[in-house]
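# Structural overview
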Amino acid sequence: FHAIPATFTNSRGMPTNAVYGFIQSLRKILKDFKPGYIAIAFDVKGPSFRHEIFTEYKAGRPAMPDLLSVQIPYIKEAVKAFRIPALEMSSFEADDVIATLVKKVESDEGIRVAVITGDKDMYQLVDEDTVILDYLTGKEYGPAEVKEKYGVDPGQIRDLLALAGDSSDNIPGVPGIGFKTAAKLLSEYGSMDGIYENIERISR
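Computed from a predicted structure; not experimentally measured. (Residues numbered from 1 in each chain as written. Predicted model: local features only at pLDDT ≥ 70, side-chain atom pairs only at ≥ 80, totals over all residues. Heavy atoms only, no water.)

### So, the packing of helix α7 (residues 157-164) against helix α8 (residues 179-189)
- Where α7 meets α8, the axes come as close as 9 Å, and the angle between the chain directions of the two elements is 130°. Taken together, the axes of α7 and α8 lie oblique to each other. Crossing of α7 against α8: the hand is right-handed. Contacts from Asp159, Leu160, Leu161, Leu163 and Ala164 in α7 reach Phe179, Ala182, Ala183 and Leu186 in α8.
- Split into classes, the residues belonging to the contact of α7 with α8 amount to eight nonpolar, no polar and one charged. (Axes fitted to C-alpha atoms, helices over the stretch in contact; angles between N-to-C directions. Helix = DSSP H or I, 4+ residues; strand = E, 2+ residues; numbered from the N terminus. Parallel < 35°, antiparallel > 145°, perpendicular 65-115°, else oblique. Left-handed = near helix turned anticlockwise from the far one by under 90°. Contact = heavy atoms within 4.5 Å. Nonpolar A, V, L, I, M, F, W, Y, C, P; charged D, E, K, R; others polar.)

### Description of the pattern of salt bridges
- Counted by the stated rule, this structure contains nine salt bridges.
- A salt bridge links Lys58 to Glu93; the nearest nitrogen and oxygen atoms lie 3.4 Å apart. Placement of the pair is Lys58 in the loop between α2 (49-53) and α3 (66-69) and Glu93 in the loop between β2 (86-87) and α5 (94-105), with a sequence separation of 35 residues.
- Across the pair Glu106 and Lys103 runs a salt bridge, and its minimum N-O distance is 3.6 Å.
- Taking relative accessible area as the criterion, Glu106 reaches 30% and is therefore assigned partly exposed. (Salt bridge = Lys/Arg side-chain N within 4 Å of Asp/Glu carboxyl O. Buried < 20%, exposed > 50% of the residue type's maximum accessible area, 1.4 Å probe, protein only.)

### Some details on helix α1 (residues 17-33)
- With 17 residues, α1 should cover 24 Å at 1.5 Å per step; its first-to-last C-alpha distance of 24 Å lies within 8% of that length.
- Buried within α1 we find Asn17, Ala18, Val19, Gly21, Leu26 and Ile29.
- On the buried face of α1, the contacting elements are β1 (40-41), α3 and α4 (72-81).
- A positive phi of about 45° marks Lys34, the residue just after α1. (Expected span 1.5 Å × (residues − 1).)

### Things to note about the sheet that holds strand β3 (residues 113-115)
- Pairing is mixed in the open sheet, where three strands are placed in the order β3-β4-β5. Across the chains shown, the open sheet's two edge strands, defined by having one partner strand only, are β3 and β5 (139-141). Direction aside, the axes of adjacent strands within the sheet are offset by 40° on average.
- Direction of pairing for β3 relative to strand β4 (residues 130-134): parallel, over a ladder of three bridges. Residue Val115 lies in a different strand from β4, and its bridge partner there is Ile132. (Pairing = 2+ DSSP bridges.)

### Comments concerning the confidence of the model for the protein chain
- Scored by pLDDT, the protein chain has a mean of 93; 100% of the residues are at 70 or more.
- Looking at the elements of the protein chain, mean pLDDT is at its lowest for α2, recorded as 86, and at its highest for β1, recorded as 98. (pLDDT = per-residue confidence, 0-100.)

### Regarding the environment of Lys149
- Tracing the chain through its elements places Lys149 in helix α6 (residues 143-150).
- By relative accessible area, which is 42% here, Lys149 ends up partly exposed.
- Excluding residues that lie within four positions of it along the chain, Lys149 makes contacts with Tyr123 and Tyr141.

### Side note on the nonpolar core
- In this structure, Ile157 and Leu160 are the most contacted members of the largest nonpolar core, which totals 26 residues.
- Of all elements in the fold, only α5, β3, α6, α7, α8 and α9 (192-197) reach the threshold of two or more residues within this core.
- Setting aside chain neighbours within four positions, we find Ile157 in contact with Lys120, Asp121, Tyr123, Gln124, Val146, Tyr150 and Val152.
- By size, the runner-up hydrophobic cluster in this structure holds nine residues, among which are Leu26, Ile40, Phe42 and Ile84. (Core = buried A, V, L, I, M, F, W, Y, C linked by side-chain atoms within 4.5 Å.)

### Regarding the environment of Asp166
- Structurally, Asp166 is set in the loop between α7 and α8.
- Overall, Asp166 belongs to the buried group, its relative accessible area being 5%.
- When the C-alpha atoms of Asp166 and Lys120 are compared, they prove to be 9.6 Å apart, with 46 residues separating the residues in sequence.
- Dropping the residues within four chain positions of it, Asp166 is found in contact with Lys120, Asp121, Leu161 and Ile171.
- In this structure the side chain of Asp166 is engaged in a polar contact, spanning 3.4 Å, whose partner is the side chain of Lys120. (Polar contact = N/O pair within 3.5 Å; in protein donor to acceptor, adjacent residues only side chain to side chain.)

### With respect to the pairing of β4
- Most of β4 sits inside the fold, with four of its five residues counted as buried.
- Pairing of β4 with β5, which is carried by three bridges, proceeds in the antiparallel orientation. Bridge pairing in β5 places Asp134 opposite Lys139.
- Two successive antiparallel strands, β4 and β5, enclose a turn made up of four residues, where Gly138 displays a positive phi of approximately 85°.

Here is the structure:
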């Protein structure tokens, strides 16, 4: 949507930039990587269960632009035309659906999973059988690449974001703790629980 000008429209003047960009990306993924299985997850309108836990979750995030929201139904029709499962669930986010799928297929021997997403939360799913894939460059983020990128192992990503915060989701984090400090603390103490157990030994 943001990469292609909104002046990209059909003959009736309806914006089609997001539809076009989505289909072009999907075609590239299918052509370049030839997945044996594929599914696409969508967010649903309305709050998720996270809002019940933290009422300020995603507070202040701008609403989806009207020029994009009007195209979503057509994007879903395109997915249907490709005969690809489009998955969504009330009170859950697309991330939750993706994570559930990853965990379900992990036990199937011989299946290697590639998650295509721009959400850093999803790096916690990475292991020897699951990678985050940058479909534009073909770069795969396995455990070593996650460690290089964030300074922690995939299993520590959620604690990293809890400590450093995540402005995109309005997660405040710990005051004065950025990603580098959070990664250093997790490297030394292993987890959020480990940090709390040694809280008296940690100097600001």
